[in-house]
Amino acid sequence: MEKPSKLLLKLSRRLFENPDKQAEFIEALIHPQPFNPAILWCQNQPDILPFSVELPINWQPDFVQRLSLGEKPGKHPLHQQGYFYCLDFSSVFAASVLLTIPQPVDLVFDMCASPGGKSVFAWKALEPELLISNEVIGKRLGMLISNLKRCQVNPCTVVNRDSKIFAEIIPLSSNLVIVDAPCTGQSLLAKGQKAPGCFHPTAINKSANRQKRIIANSAQLVAPQGYLLYMTCTYSPEENEQVCEWLLSRFPQFEAVRVSYLGEFQSHLSHIPCYRIFPQDRLGAGAFTVLFQNTAVGKAQEVDLDALSKVWMNTNRRDAENTENF
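Source: prediction; values computed, not measured.

Once that is clear, we can look at the sheet that holds strand 2 (residues 64-66). Strands belonging to one sheet form pairs held by backbone hydrogen bonds; the direction of such a pair is parallel or antiparallel. With antiparallel pairing, three strands are arranged side by side in an open sheet as 2-1-3. Where the open sheet ends on each side, the last strands, each with one partner, are strand 2 and strand 3 (84-87). Averaged over neighbouring strand pairs, the angle between their axes works out to 25° when direction is ignored. The sheet contact formed by strand 1 (residues 38-41) and strand 2 spans three bridges and is antiparallel. Of the residues in strand 2, the one forming a bridge with Ala-38 is Arg-66. Across the sheet, helix 5 (residues 117-126) lies against strand 1, strand 2 and strand 3, angled at about 45° from strand 1, the strand it touches most.

This is how it looks when you write it as structure tokens:
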């Protein structure tokens with residue numbers, strides 16, 4: 001039997017006081033088991049469903065289905081035709097907090113958008129007047145654009161800039177900003193994939209510092225009374241609860257929103273309402289999610305997309321060419 005590393009053992013003890021819970025968590029990472037696939041319907045569902053479907057969970061939106069083990073939706077012709085988007089059910093959990101946001105929603109800004117699942121979810125759930133999907137890593141842009149086009153997400157603008165640029169140019173503009181933050185990716189182990197060094201303190205601290213920079217820039221985009229969604233697919237408190245507590249200390253106008261239907265998943269590692277699932281829950285490889293609201297009073301600043309295009313053009317012509325509307 002494979003033995004857990006000392007760093008994994010240490011993390012398990014920080015996450016769970018109960019030794020049985022620690023053992024279940026470690027087992028889920030050392031001997032990963034398949035999870036039920038999930039799909040998000042972008043177009044109307046067919047009268048006869050092409051897949052075997054599990055019973056829905058109370059926080060599961062009606063446009064998402066959790067499929068039976070063994071189903072391979074990505075190989076179905078309806079996938080290529082853009083009828084649905086395949087996603088990990090952990091992502092459904094993390095994005096489900098968006099269902100608490102009242103409509104109408106004018107502008108949604110997805111800061112770390114590729115490959116596009118959270119953008120598609122927000123577009124389907126909130127029907128915004130405009131979706132801006134940003135991906136700072138150029139080599140990930142192609143996948144993002146392809147998925148959004150295939151799923152016929154519009155109106156949508158895809159951009160390729162650092163979060164600091166948007167904080168300077170379009171502050172207080174967005175009714176919702178999504179930050180699916182880059183992280184150490186510890187939940188990849190629960191999927192049977194590799195994440196070298198994901199438990200090392202150096203990697204965790206580096207990731208947490210990057211997350212703080214991104215969420216601080218993102219917070220500046222949120223309009224008065226608007227929302228900021230922060231989520232990761234990792235387990236370390238430094239990348240999750242501690243980032244959220246840091247944000248609230250820096251931006252006191254924000255407060256975390258209590259999501260009643262996720263009450264059983266509330267994290268015991270913080271006093272603020274934030275939510276987690278773990279791989280041993282068998283709902284997905286793992287996720288952390290929290291929804292903040294900007295309690296400041298005022299109106300959203302309008303976004304001049306033409307002016308933004310000129311700024312991108314002047315700043316970096318190559319990046320401007322990576323700006324796409326559809």
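Turning our eyes to something else, we now look at helix 9 (residues 241-250). Every buried residue of helix 9 is accounted for by Glu-241, Val-243, Cys-244, Leu-247 and Leu-248. Buried residues of helix 9, viewed axially, fall in a sector of 165°; they line one side. Away from its buried face, by an angle of more than 90 degrees, helix 9 presents the exposed residues Ser-249 and Arg-250. Contacts made by the buried residues of helix 9 are with helix 8 (201-219), strand 8 (222-232), strand 9 (254-256), strand 10 (275-277) and strand 11 (287-294).

This paragraph deals with the confidence of the model for the chain. For residues with low pLDDT, the predicted coordinates do not support detailed interpretation. The predicted model of the chain has a mean per-residue pLDDT of 93, with 94% of residues at 70 or higher. Between residues 314-321, whose pLDDT stays under 50, and residues either more than four places distant or in other chains, the model counts seven contacts.

The UniProt entry lists Glu-135, Asp-162 and Asp-180 under the feature "binding site: S-adenosyl-L-methionine" (unreviewed entry), expressed in the numbering used here. Look at the named residues: they lie 46 residues apart in sequence, but the longest C-alpha span between them is just 14.4 Å, so in the fold they bunch up. Along the chain, the position of Glu-135 falls in the loop between strand 5 (130-134) and helix 6 (141-150). Here Glu-135 falls in the buried class, since its relative accessible area comes to 5%. Not counting residues up to four positions away in its chain, the partners in contact with Glu-135 are Met-111, Cys-112, Ala-113, Ser-114, Arg-140, Leu-141, Leu-144, Val-159, Asn-160 and Arg-161. A polar contact of 3.1 Å, which involves the side chain of Glu-135, links it to the backbone nitrogen of Ser-114. The topology assignment puts Asp-162 in the loop between strand 6 (156-159) and helix 7 (163-169). The class of Asp-162 is partly exposed, set by a relative accessible area of 26%. Setting aside residues no more than four positions away along its own chain, Asp-162 makes contact with Val-136 and Arg-213.

Once that is clear, we can look at the packing of aromatic side chains. For the coordinates displayed, the defined rule picks out 15 aromatic pairs. Their ring planes at 85° and their centres at 6.3 Å tell us that Trp-59 and Phe-265 sit as a pair that is edge-to-face. Highlighted residues: Trp-59 in the loop between strand 1 and strand 2 and Phe-265 in the loop between strand 9 and strand 10, separated in sequence by 206 residues. Here Tyr-230 and Phe-288 contribute two aromatic rings whose centre-to-centre distance is 6.4 Å and whose plane-to-plane angle is 70°, an arrangement assigned as edge-to-face. In this pair, Tyr-230 is assigned in strand 8 and Phe-288 in strand 11, connecting sequence segments 58 residues apart. A residue is classified by how much of its surface remains accessible, and Tyr-230, at 0% relative accessible area, is buried. The class for Phe-288 is buried, based on a relative accessible area of 0%. These aromatic residues form a ring-pair network of at least three members: Phe-16, Phe-25, Tyr-235 and Phe-278. Arg-66 extends its terminal NZ or CZ atom over the ring of Phe-89, reaching a point 5.5 Å from the ring centre.

The side chains of a regular strand alternate between the sheet's two faces. Residues Leu-107 and Phe-109 line one face of strand 4 (residues 107-110) and the alternating positions Val-108 and Asp-110 line the opposite face, and both faces are buried. In the sheet, strand 4 pairs with strand 5 via four bridges, with the strands oriented parallel. Bridge pairing in strand 5 links Asp-110 to Ser-133. After leaving strand 4, the chain enters helix 5 and then returns to the sheet as strand 5, a path that is right-handed.

In this section: the packing of helix 1 (residues 6-15) against helix 2 (residues 19-30). In contact at an axis separation of 9 Å, helix 1 and helix 2 are set at 135° when each is read in the N-to-C sense. When the axes of helix 1 and helix 2 are compared, the pair comes out oblique. The way helix 1 lies across helix 2 gives a crossing that is right-handed. Contacts between helix 1 and helix 2 involve Leu-8, Leu-9, Leu-11, Ser-12, Arg-13 and Leu-15 from the former and Gln-22, Phe-25, Ile-26, Leu-29 and Ile-30 from the latter. Looking at side-chain class alone, the contact of helix 1 with helix 2 contains eight nonpolar, two polar and one charged residues.

With that settled, consider the side chain of Thr-232. Here Thr-232 is to be found in strand 8. Look at Thr-232 and you get buried, because its relative accessible area is 4%. Aside from chain neighbours lying at most four places away, what touches Thr-232 is Asp-180, Ala-181, Cys-183, Gln-211, Glu-239, Asn-240, Ala-287 and Phe-288.

The subject of this paragraph is the pattern of salt bridges. In total, this model carries six salt bridges according to the counting rule given. Here Glu-238 ties to Arg-14 by a salt bridge, and the two come within 2.9 Å at their closest N and O atoms. With a gap of 224 residues between them, Glu-238 in the loop between strand 8 and helix 9 and Arg-14 in helix 1 connect regions that are remote in the sequence. Between Arg-140 and Glu-135 there is a salt bridge whose closest N-O contact spans 3.7 Å. For Arg-140, a relative accessible area of 33% gives the class partly exposed.

Procedures and definitions
Residues numbered from 1 in each chain as written. Predicted model: local features only at pLDDT ≥ 70, side-chain atom pairs only at ≥ 80, totals over all residues. Heavy atoms only, no water. Pairing = 2+ DSSP bridges. Helix = DSSP H or I, 4+ residues; strand = E, 2+ residues; numbered from the N terminus. Axes fitted to C-alpha atoms, helices over the stretch in contact; angles between N-to-C directions. Contact = heavy atoms within 4.5 Å. Buried < 20%, exposed > 50% of the residue type's maximum accessible area, 1.4 Å probe, protein only. Arc of directions from axis to C-beta. pLDDT = per-residue confidence, 0-100. UniProt positions renumbered as here; feature names shortened; annotations may be inferred. Polar contact = N/O pair within 3.5 Å; in protein donor to acceptor, adjacent residues only side chain to side chain. Phe/Tyr/Trp six-rings, centres within 6.5 Å; stacked < 30°, edge-to-face > 60°. Lys NZ or Arg CZ within 6 Å of the ring centre and 35° of its normal. Right-handed = clockwise from strand over helix to strand, strands pointing away. Parallel < 35°, antiparallel > 145°, perpendicular 65-115°, else oblique. Left-handed = near helix turned anticlockwise from the far one by under 90°. Nonpolar A, V, L, I, M, F, W, Y, C, P; charged D, E, K, R; others polar. Salt bridge = Lys/Arg side-chain N within 4 Å of Asp/Glu carboxyl O.

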